[in-house]
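Descriptive analysis of the structure
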Amino acid sequence: MKKEWFYRHKLLLTSLLIVVVGVGLLASCGDKSDEAAAPESSGATTVSGDAAAIAEARGLTPDDILAAVKTYTPSGMYDEYVMFASGGHSGQVYVVGLPSMRVIKKIAVFTPEPWQGYGYGAQDSMEILAEGNVEGSDREITWGDTHHPALSETNGDYDGEFLFINDKANGRVAVISLKDFETKQIVKNPIALGDHGGTMATPNTEWIIEGGQYGSPLGWEYASIEDYEADYRGMITFWKFDRESGRILEDQSFAIELPPYWQDVCDSGKLDSEGWVFCNSFNTEMATGGVEDGNPPFEAGASQQDMDYLHIFNLDKAVEVAAAGKTMDVKGFPVIPLDTAIEEGLLYFAPEPKSPHGVDVSPDGQFVTVSGKLDPHVSVYSFDKIQDTIAAGNFEFDQYGVPILNFDDVLEAQIEVGLGPLHTQYDDKGYAYTSLFLEPAVARWTLGGDFSDLNDEEDWTLVQKTPVQYNVGHIAAAEGDTVSPDGKYLVSLNKWAIDRFLNVGPLLPQNLQLLDISEPGTTMPVIYDLPLPDGEPHYAQIIKADKLDPWEVYPEIGWNPRTGEVDENATQIGEERIVRDGNNVEIWMTAVRSHFTPERVEIKQGDKVTWHITNVERAYDATHGFALPLYNINLSIEPGETVTFEFEATEDGVFSYYCTEFCSALHLEMTGYLLVEPGE
Ligand code: K7E
Ligand code: CUA
């Protein structure tokens, strides 16, 4: 059957290959960015029949070949886009090139990671991880559940400087510098143990949004679940970001107390709606579980009503109210009380059907798209209508006194897109895209308003669906959260992979599928499957690669990546030394191909050791590792970096330390002895 088909299409296949290769060759002579140093063509100018034979042998269709040509990225050619994908409960972030879908890096954030020497002795990483522990608790938290990466923005466009990400499990937010793709800061939310509506950046990254999720007393003090409505609360936190220091300023940040509905995903307004923030909620029923006591289980209890509440925040005004000190103190953190938020006009609700999940502001800031998991429509709200309705002051109120805007007054359109709609993205052609968890598929529909002239289809209409494999959560489009999306590519972040890859046992990878969305109309094919062998990626953002400008090596020898300046213990060649002061021993070491200096460190059991290593290399990729057995020390020292670690020499014996990066032909000789003489 397949064979027959193949012969019928052989001519087509061969001509397609010839065209495709011809186009490829033409393109390779033309505009190649000077960065993309692809090797010269080897001289082959025609496609022999071999390619068609290979395609036949592998059972590839013309569509497959087209997909391969769209994504195949030969050795040395660079990707056009970079995707930052959350690593879910791996507590990390993944960096993926598009369209090749090659995983280029992972970034350790909330979880110790040995390759990067993150959390295995290196003082800067130990301090960052420790920042994420809960104040007043001596428990160490060594993982996180990352959901929503947010690239820093300037005027609503990704600027390639910083990345933020939340930890749903423990209510934390991390700051990553895109100069070295390393985590610089973790802030623990003082008033909540969990979050979900984070992180999102405002259009100039003044504020990083962290919305809550499961209701809890603020500061998680014990309160009986029977007193849920009185004592439990929701929250949203606004973290002040200081671009110059590259840090969140905790003492300039604040939160707003909310009713104990379960706030879900949030998005920042932009352009027209800049200064406003939108979050979904579910469980406005305030179900408290207890199926074992005869109560409805959460999945039913939290889904009884037809409508939940879209939370609409006036952030600009909230900043003023917080600055005026109209806050209460929860665990040392300023929180605008719910009553104050209502009085000051910081918070409004709009009904949203039904157990909503995604909320996504359109590129012009005019529309807010909400998807109800249990409703086959997307509901699109008009920001202008929201403003008019607020100005008219015609409200109902929820039981906490929050003004509710009339649904029909603020709704712009509802489009039936399919089953289980979750998240929406936008492109440059006037389309919106919504993930359909249950179908599973990605739906493309036309956005009205200012976008209506971009294509000649009707406004607010479902155009097409592409099936994905399988149940899709978020989707991410190229520059999809900015004021000027690129279109071109969309990644479907699928939860289920089932039959897509070889069987690797009961735990499967996630399947990230690349869709080509460059053609208007009804074409939107899947062109690549990336199995991501780690925790579940929830959301991702995709930035044009040329907006990133990371360092190749650290700017100066002795760089401390945490402080962003030369470390006081930076050590140049010739300055290496071991200094003893009582039973404190301090070591200043250099690393260069292919030796550590010193190569012998002799100490006594019980000594307190402070050890600095400077990689004095200036060559790109000349990273050295440092591994010390038994003491659980493992470092990655990038060119120019100074790393410090400390330990108490409780164990005597002979310990070979060595470089873990195969850095030269004599890498195995890059070693040394730590000799710990037994104490009395
Ligand atoms: Cu839908 Cu956390 Cu944004 Cu998962 S979330 S999919
Ligand atoms: Cu340095 Cu191997």
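Residues numbered from 1 in each chain as written. Chains lettered and ligands numbered in written order. Predicted model: local features only at pLDDT ≥ 70, side-chain atom pairs only at ≥ 80, totals over all residues. Heavy atoms only, no water.

Here the focus is the nonpolar core. The biggest cluster of nonpolar side chains holds 53 residues, and the ones touching the most others in it are Ile-236, Ile-256 and Phe-278. Looking at this core, the element that brings in the most residues is strand S13 (residues 276–282), giving 5 residues. Every residue in contact with Ile-256, bar those within four places of it in the chain, is listed here: Gly-234, Met-235, Ile-236, Phe-238, Phe-313, Ala-318, Val-335, Ile-336 and Ala-341. One finds Tyr-631, Ala-649, Cys-663 and Met-670 within the second-largest nonpolar core, a separate group that totals 28 residues. (Core = buried A, V, L, I, M, F, W, Y, C linked by side-chain atoms within 4.5 Å. Buried < 20%, exposed > 50% of the residue type's maximum accessible area, 1.4 Å probe, protein only. Helix = DSSP H or I, 4+ residues; strand = E, 2+ residues; numbered from the N terminus. Contact = heavy atoms within 4.5 Å.)

Next up on the list: empty space enclosed by the protein. Enumeration over the complete set of coordinates arrives at 2 cavities of 30 Å³ or more. Size it by volume and the largest cavity reaches roughly 200 Å³. Broken down by secondary-structure element, the contributors of at least two residues to the lining of the largest cavity are strand S4 (150–154), strand S8 (197–201), strand S12 (262–268) and strand S18 (356–361). Of the residues forming the lining of the largest cavity, the biggest block, 4 residues, is contributed by S12. In terms of lining residues, the second largest cavity is bounded by 18 residues, among which Gln-116, Tyr-118, Asp-124, Ser-125 and Glu-182 are the most central. Elements with a contribution of two residues or more to the lining of the second largest cavity: helix H4 (123–131), strand S7 (182–188) and strand S41 (633–637). By residue class, the composition of the lining of the second largest cavity is 7 nonpolar, 5 polar and 6 charged. The residue makeup of the lining of the second largest cavity includes at least three contributed by each of domain 2 (81–109 + 144–547) and domain 3 (559–677). (1 Å grid on protein atoms, 1.4 Å probe; cavity = no way out; pocket = protein on both sides within 12 Å on 5 of 7 lines; lining within 4 Å. Points joined across faces, edges and corners; volume = space filled by probe spheres on them. Nonpolar A, V, L, I, M, F, W, Y, C, P; charged D, E, K, R; others polar. Domains from an automatic or database assignment.)

This part covers the site of ligand 1. Contacts to ligand 1 come from His-147, His-148, His-196, Val-265, His-357, His-423, Gly-473, His-474, Lys-495 and His-538. For ligand 1, the cavity whose grid points lie within 2 Å of the majority of its atoms is the second largest pocket. Taken together, the residues of the shell around ligand 1 sort by class into 1 nonpolar, 8 polar and 1 charged. (Near = heavy atom within 4 Å. Sits in = over half its atoms within 2 Å of the grid points.)

Secondary-structure assignment places Phe-367 in strand S19 (residues 367–372). The spatial distance from the C-alpha of Phe-367 to the C-alpha of Leu-411 is 9.5 Å, given a sequence separation of 44 residues. Once residues lying within four places of it in the same chain are set aside, the contact partners of Phe-367 are Asp-360, Val-361, Ser-362, Val-380, Tyr-381, Ser-382, Glu-412, Leu-447, Gly-448, Gly-449 and Trp-460.

Quick look at the layout of surface pockets now. If a probe as big as a water molecule is rolled over the atoms, it shows which places are left empty. The volume enclosed by the second largest pocket comes to roughly 580 Å³. In terms of lining, the second largest pocket is formed by 26 residues, of which the most central are Asp-264, Phe-282, His-357, Lys-373 and Leu-422. Secondary structure elements with two or more residues in the lining of the second largest pocket: S12, helix H6 (298–301), strand S24 (421–426) and strand S28 (472–478). Grouping the constituent residues of the lining of the second largest pocket by class yields 9 nonpolar, 12 polar and 5 charged.

Take a negative patch on the surface next. A cluster of like negative charges, contributed by Glu-226, Asp-227, Asp-231, Glu-292 and Asp-293, occupies part of the molecular surface. Within the secondary structure layout, Glu-292 lies in the loop between S13 and H6. (Patch = residues over 30% accessible without salt bridge, like charges linked within 9 Å, V, L, I, M, F, W, Y side chains within 5 Å. Areas by Shrake-Rupley, 256 points an atom, 1.4 Å probe, with all protein chains shown as cover. Salt bridge = Lys/Arg side-chain N within 4 Å of Asp/Glu carboxyl O. Lys, Arg positive; Asp, Glu negative; His and termini not counted. Charge placed at Lys NZ, Arg CZ, Asp CG, Glu CD.)

Across the 7 residues that make up strand S2 (residues 92–98), a large majority, 7, are buried. Burial along S2 is two-sided: the face carrying Gln-92, Tyr-94, Val-96 and Leu-98 and the face carrying Val-93, Val-95 and Gly-97 are both buried. Bridge analysis of strand S1 (residues 81–86) against S2 gives 6 bridges, and the strand direction is antiparallel. Paired with Met-83 across the strands is Val-96, a residue of S2. Bridge analysis of S2 against strand S3 (residues 102–108) gives 6 bridges, and the strand direction is antiparallel. When the bridges of S3 are listed, Val-96 appears paired with Val-103. (Pairing = 2+ DSSP bridges.)

In this section: the state of the cysteines. Per the counting criterion, the structure on display carries 1 disulfide. At a sulfur-sulfur separation of 2.2 Å, the disulfide partner of Cys-266 is Cys-279. Given an S-S torsion of about 105°, the disulfide between Cys-266 and Cys-279 has right-handed geometry. Separated by 13 residues along the polypeptide, Cys-266 in strand S12 and Cys-279 in strand S13 bring together distant segments of the chain. By relative accessible area, which is 2% here, Cys-266 ends up buried. The buried category is assigned to Cys-279, whose relative accessible area is 1%. (Disulfide = S-S within 2.5 Å.)

A few words on the sheet that holds strand S23 (residues 411–416). Sheet architecture is open: 4 strands sit in the order S18-S19-S20-S23, paired in antiparallel fashion. Edge strands, defined here as strands with exactly one partner in the open sheet, are S18 and S23. Neighbour-to-neighbour, the strand axes of this sheet turn through a mean angle of 20°, independent of strand direction. Sitting on the sheet, helix H9 (residues 383–392) is in contact with strand S20 (377–382) and S23, with an inclination near 60° to S20. (Axes fitted to C-alpha atoms, helices over the stretch in contact; angles between N-to-C directions.)

In this section: the environment of Asp-145. Considering the arrangement of structural elements, one finds Asp-145 in the loop between H4 and S4. For Asp-145, a relative accessible area of 14% translates into the label buried. When the C-alpha positions of Asp-145 and Ser-90 are compared, they lie 6.6 Å apart, and in sequence the two are 55 residues distant. The contact partners of Asp-145, leaving out residues within four places of it in the chain, are Gly-88, His-89, Asn-166, Asp-167, Lys-168, Ala-169 and His-538. Engagement of the side chain of Asp-145 in a polar contact is seen with the backbone nitrogen of His-89, the distance being 3.3 Å. (Polar contact = N/O pair within 3.5 Å; in protein donor to acceptor, adjacent residues only side chain to side chain.)

Backbone torsion omega between Gly-198 and Thr-199 reads 0°, so that peptide bond is classified as cis. Its location among the elements puts Thr-199 in strand S8. Each neighbour pair has its own omega, and for Arg-593 with Ser-594 the value is 0°, a cis peptide bond. Tracing the backbone through its elements, the reader meets Ser-594 in the loop between strand S36 (584–592) and strand S37 (595–597). Here the phi dihedral of Met-101 falls at roughly 60°; this positive angle occurs in a residue that is not glycine. Looking at the secondary structure, you find Met-101 in the loop between S2 and S3. With phi around 55°, Lys-331 is a residue other than glycine that occupies positive phi space. Tracing the chain through its elements places Lys-331 in the loop between strand S15 (328–330) and strand S16 (333–336). The exposure class assigned to Lys-331 is partly exposed, which follows from its relative accessible area of 42%.

Strands sit in the order S8-S9-S10-S11-S16-S15 across an open sheet of 6 strands; the sheet is mixed. Every interior strand has two partners, whereas the edge strands, S8 and S15, have only one. Neighbour-to-neighbour, the strand axes of the sheet open up by a mean angle of 30°, direction not taken into account. When strand S11 (residues 247–258) meets S16, the two strands line up parallel, connected through 2 bridges. When the bridges of S16 are listed, Ile-256 appears paired with Ile-336.

Function cannot be read off these values alone, since they describe shape.
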